[in-house]
Amino acid sequence: MALSKIQPASIDLTANYAFTGTNSITSASSGTYEEKKLATVTASSSGTLSFTSSIDNTYNIYKFRFIEIHPSHDSNVDFGFQGSTNTGSSYGVTLTSSFFDAYHYENDSSAAVRYLTSRDLAQSTSFQPLSVNTAVADADQHVSGELFLFDPSSTTFVKHFISTTQTASDGGSDDFSDNSYIAGYFNTTSAIDAIQFKFPSGNIDSGTIEMYGIN
Amino acid sequence: MALSKLAANSFDLTDNYAFTGTTTGAVSTQKLFLIKNIDASSSGTVDFVNGASSVVLDNTYKTYLFRIINVHPSTNTGGFAVNFSIDTGSNYNVTKTTTSFVAQHAEANNVAELAYGSGYDLAQSTSDQEITQNIYATDDNSGCGNLYLFNPSSTTFIKHFISETGSMFANARAWHNFVAGYCNTTSAIDAVRFKFDTGNIDSGRIALYGIK
């Protein structure tokens with residue numbers, strides 16, 4: 001009779017198995033893992049980093065994780081993002097948002113929590129800042145963080161987003177640590193199908209952005 | 001011919017293989033497990049009760065995450081709220097002490113602030129804890145966010161929770177609400193309820209995850 005299935009007793013379970021395929025499992029405890037990396041883009045003196053595919057109704061939530069985003073421009077700039085309703089032909093969806101941060105200078109001269117009216121948006125099509133004073137002046141400075149976009153394919157509701165970032169920021173005479181909290185909504189019932197990240201001037205010198213789908 | 005390769009479909013993948021050797025290569029490092037999605041449809045409440053309808057809310061996981069996706073009320077409402085149970089959902093009235101603060105910005109740009117929500121916190125109260133406020137029944141209004149519940153099965157410690165939500169407040173403002181606190185009990189929390197202060201949850205999804 002043809003061999004069709006290998007039973008556990010037929011396998012040397014004490015040996016080492018170096019799997020190189022994909023191990024798609026059902027959790028031994030309960031449920032299944034439902035956060036999947038969909039794409040990774042890496043900057044190399046890039047004007048923008050864009051995600052123009054795979055943002056649809058496959059997942060309820062899309063998470064963007066940006067890692068060590070470093071600008072090329074030699075002045076204080078805020079890393080930002082915008083959405084598109086036409087798969088990236090244009091980025092400028094009307095949005096309203098709030099922005100606050102906690103900061104602390106390296107020389108301990110100042111530390112506070114504050115609302116930043118300079119970085120929130122009110123029914124604006126501008127790019128939404130996600131950081132404070134990201135600077136190229138110090139080669140080791142960058143911004144890292146996460147952005148969650150909820151149900152972007154909905155044609156019923158506005159599209160909420162929530163972001164938390166951490167930046168080594170340029171404060172002129174002294175640098176500071178900045179922890180920013182941003183949230184708001186794209187005020188549209190059209191589906192958001194593309195997201196773009198950029199600095200308002202200059203390039204993204206280096207850094208990586210990963211996009212995950214979450215169900 | 002000698003058998004040299006076994007294809008994946010040669011294994012009974014539904015059986016249990018208790019490897020005691022070392023598995024290297026594509027080892028899963030995934031730590032977040034979806035336990036249950038509940039979709040509201042004119043629902044008075046959305047309840048996650050340990051042991052009911054495939055819900056796990058016990059010592060299987062140290063941390064539980066509730067993801068809230070576009071909850072929408074049937075009527076203009078005061079807030080979307082959470083409460084906890086120690087008797088598998090017979091009562092949702094655990095004593096809580098909490099903080100609440102919000103960053104808000106109006107579409108008209110006439111309100112922009114970070115403020116403590118003294119009207120939205122609780123001090124040793126069994127009331128529902130609002131995790132966002134004033135979502136209107138207007139068609140495109142909704143609320144989204146996350147709520148973490150830490151080690152609910154502990155019978156030694158109180159139970160901490162942390163929530164961050166984003167919503168449209170009264171059809172006119174971006175509302176970013178942070179709520180944290182603790183259930184002041186050493187009894188195990190075994191059920192969690194979400195509801196609007198008034199009316200039903202017209203639509204929306206709440207997903208429960210376990211985090212290892």
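Structure's up top.
Residues numbered from 1 in each chain as written. Chains lettered and ligands numbered in written order. Predicted model: local features only at pLDDT ≥ 70, side-chain atom pairs only at ≥ 80, totals over all residues. Heavy atoms only, no water.

(A) Structural view of the overall build of chain B. For chain B, the count of helices and strands is zero helices and 13 strands. When the elements of chain B are put in sequence order from the N terminus, they spell out β-β-β-β-β-β-β-β-β-β-β-β-β. Here chain B holds 212 residues, and the buried ones make up 47% of them. Contacts spanning at least 24 positions in sequence make up 75% of the contacts within chain B whose residues lie at least 6 apart. Here chain B has roughly 9100 Å² of accessible surface; of this, 48% comes from carbon and sulfur atoms. (Helix = DSSP H or I, 4+ residues; strand = E, 2+ residues; numbered from the N terminus. Buried < 20%, exposed > 50% of the residue type's maximum accessible area, 1.4 Å probe, protein only. Contact = heavy atoms within 4.5 Å. Areas by Shrake-Rupley, 256 points an atom, 1.4 Å probe, with all protein chains shown as cover.)

(B) Region of the structure containing the sheet that holds strand β13 (residues 194–198) of chain A. Taken in spatial order, the four strands of this open sheet run β4-β13-β6-β9 (chain A), and their pairing is antiparallel. Two strands in the sheet have a free side with no partner beyond their single neighbour: β4 (49–51) and β9 (128–129) of chain A. (Pairing = 2+ DSSP bridges.)

(C) Structural detail: the pairing of strand β6 (residues 80–84) of chain A. Residues and elements named next belong to chain A. With five of its five residues buried, β6 lies for the most part within the structure. Every second residue of β6 is oriented toward a common face, with G80, Q82 and S84 on one face and F81 and G83 on the other, all of them buried. Summarising the sheet, β6 and β9 pair through two bridges and their orientation is antiparallel. Opposite G80, over in β9, you have P129 as the bridge partner. Both β6 and β13 contribute to a ladder of five bridges, which runs antiparallel. Each bridged residue has a counterpart across the sheet, and for Q82 the counterpart in β13 is Q196.

(D) Focus on the pattern of salt bridges. Residue and element names in this part refer to chain A. Counting across every chain of the model gives ten salt bridges over all chains. The partner of K37 in a salt bridge is E210, and the shortest N-O contact between them spans 3.4 Å. Of this pair, K37 sits in strand β3 (residues 35–46) while E210 is found in strand β14 (residues 204–214), placing the two residues 173 residues apart along the sequence. For R65, the salt bridge identified is with E146, shortest N-O distance 3.1 Å. On the criterion of sequence distance, the pair formed by R65 in strand β5 (residues 61–71) and E146 in strand β10 (residues 143–150) is long-range, its members being 81 residues apart. Judged by its relative accessible area of 26%, R65 is partly exposed. The exposure class assigned to E146 is partly exposed, which follows from its relative accessible area of 25%. Shared partners join several salt bridges into a network, and the residues in it are E35, K63, R65 and E146. (Salt bridge = Lys/Arg side-chain N within 4 Å of Asp/Glu carboxyl O.)

(E) Structural context of unusual backbone geometry. Residues and elements named next belong to chain B. The backbone phi angle of S53 is positive, close to 55°, even though this residue is not glycine. Summarising the element assignment, S53 is placed in the loop between β3 (46–49) and β4 (63–73). We note that N70 has phi near 50°; this positive angle belongs to a residue other than glycine. Mapped onto the elements, N70 comes out in strand β4. Judged by its relative accessible area of 2%, N70 falls in the buried class.

(F) Region of the structure containing the environment of F169(B). All names here are of chain B. Mapped onto the secondary structure, F169 falls in strand β10 (residues 159–169). Residues F169 and Y136, 33 residues apart in the sequence, show an inter-C-alpha distance of 7.3 Å. With sequence-adjacent residues up to four places away left out, F169 is seen in contact with Q133, N134 and W175.

(G) Just the sheet that holds β14(A), in detail. All names here are of chain A. An order of β3-β14-β5-β10-β11-β12-β7-β8 is seen for the eight strands of this open sheet, with the pairing classed as antiparallel. Each of the sheet's edge strands pairs with one partner strand only, and the pair in question is β3 and β8 (111–115). Sheet twist, expressed as the mean angle between neighbouring strand axes with direction ignored, is 10°. For β5 and β10, the ladder comprises seven bridges, and the chain directions are antiparallel. When the bridges of β10 are listed, F64 appears paired with L147. (Axes fitted to C-alpha atoms, helices over the stretch in contact; angles between N-to-C directions.)

(H) Structural view of the side chain of S142(B). Tracing the sequence through the fold places S142(B) in the loop between β8 (129–133) and β9 (143–150). For S142(B), a relative accessible area of 0% corresponds to the buried category. Side-chain polar atoms of S142(B) contact the side chain of N70(B), separated by 2.8 Å. Those residues in contact with S142(B), other than ones at most four positions away along the chain, are F157(A), V158(A), H160(A), N70(B), V71(B), I135(B), G166(B), S167(B) and M168(B). (Polar contact = N/O pair within 3.5 Å; in protein donor to acceptor, adjacent residues only side chain to side chain.)

(I) Layout of the packing of aromatic side chains. Residue and element names in this part refer to chain A. Counted under the stated rule, the structure contains 30 aromatic pairs over all chains. Among the aromatic residues, those joined into a ring-pair cluster are F51, F64, F66, F79, F81, F161, F186, F197 and F199. The positively charged end of K63 is found above the aromatic ring belonging to Y212, 4.9 Å away from the centroid. In this structure, K198 packs its charged tip against the face of F127, placed 4.4 Å from the ring centre. (Phe/Tyr/Trp six-rings, centres within 6.5 Å; stacked < 30°, edge-to-face > 60°. Lys NZ or Arg CZ within 6 Å of the ring centre and 35° of its normal.)

(J) Looking closely at the pairing of strand β7 (residues 95–105) of chain A. Residues and elements named next belong to chain A. Counting buried positions along β7 yields eight of eleven residues, so the element is predominantly enclosed. Sheet topology note: the β7/strand β12 (residues 175–186) ladder contains eleven bridges and is antiparallel. Looking at β12, one finds that Y105 is bridged to F176. Bridge count for β7 against β8 is five bridges, and the pairing is antiparallel. Counterpart to H104 in the pairing with β8 is A111. The turn linking β7 back onto β8 is made up of five residues, and D108 within it adopts a positive phi angle of 65°.

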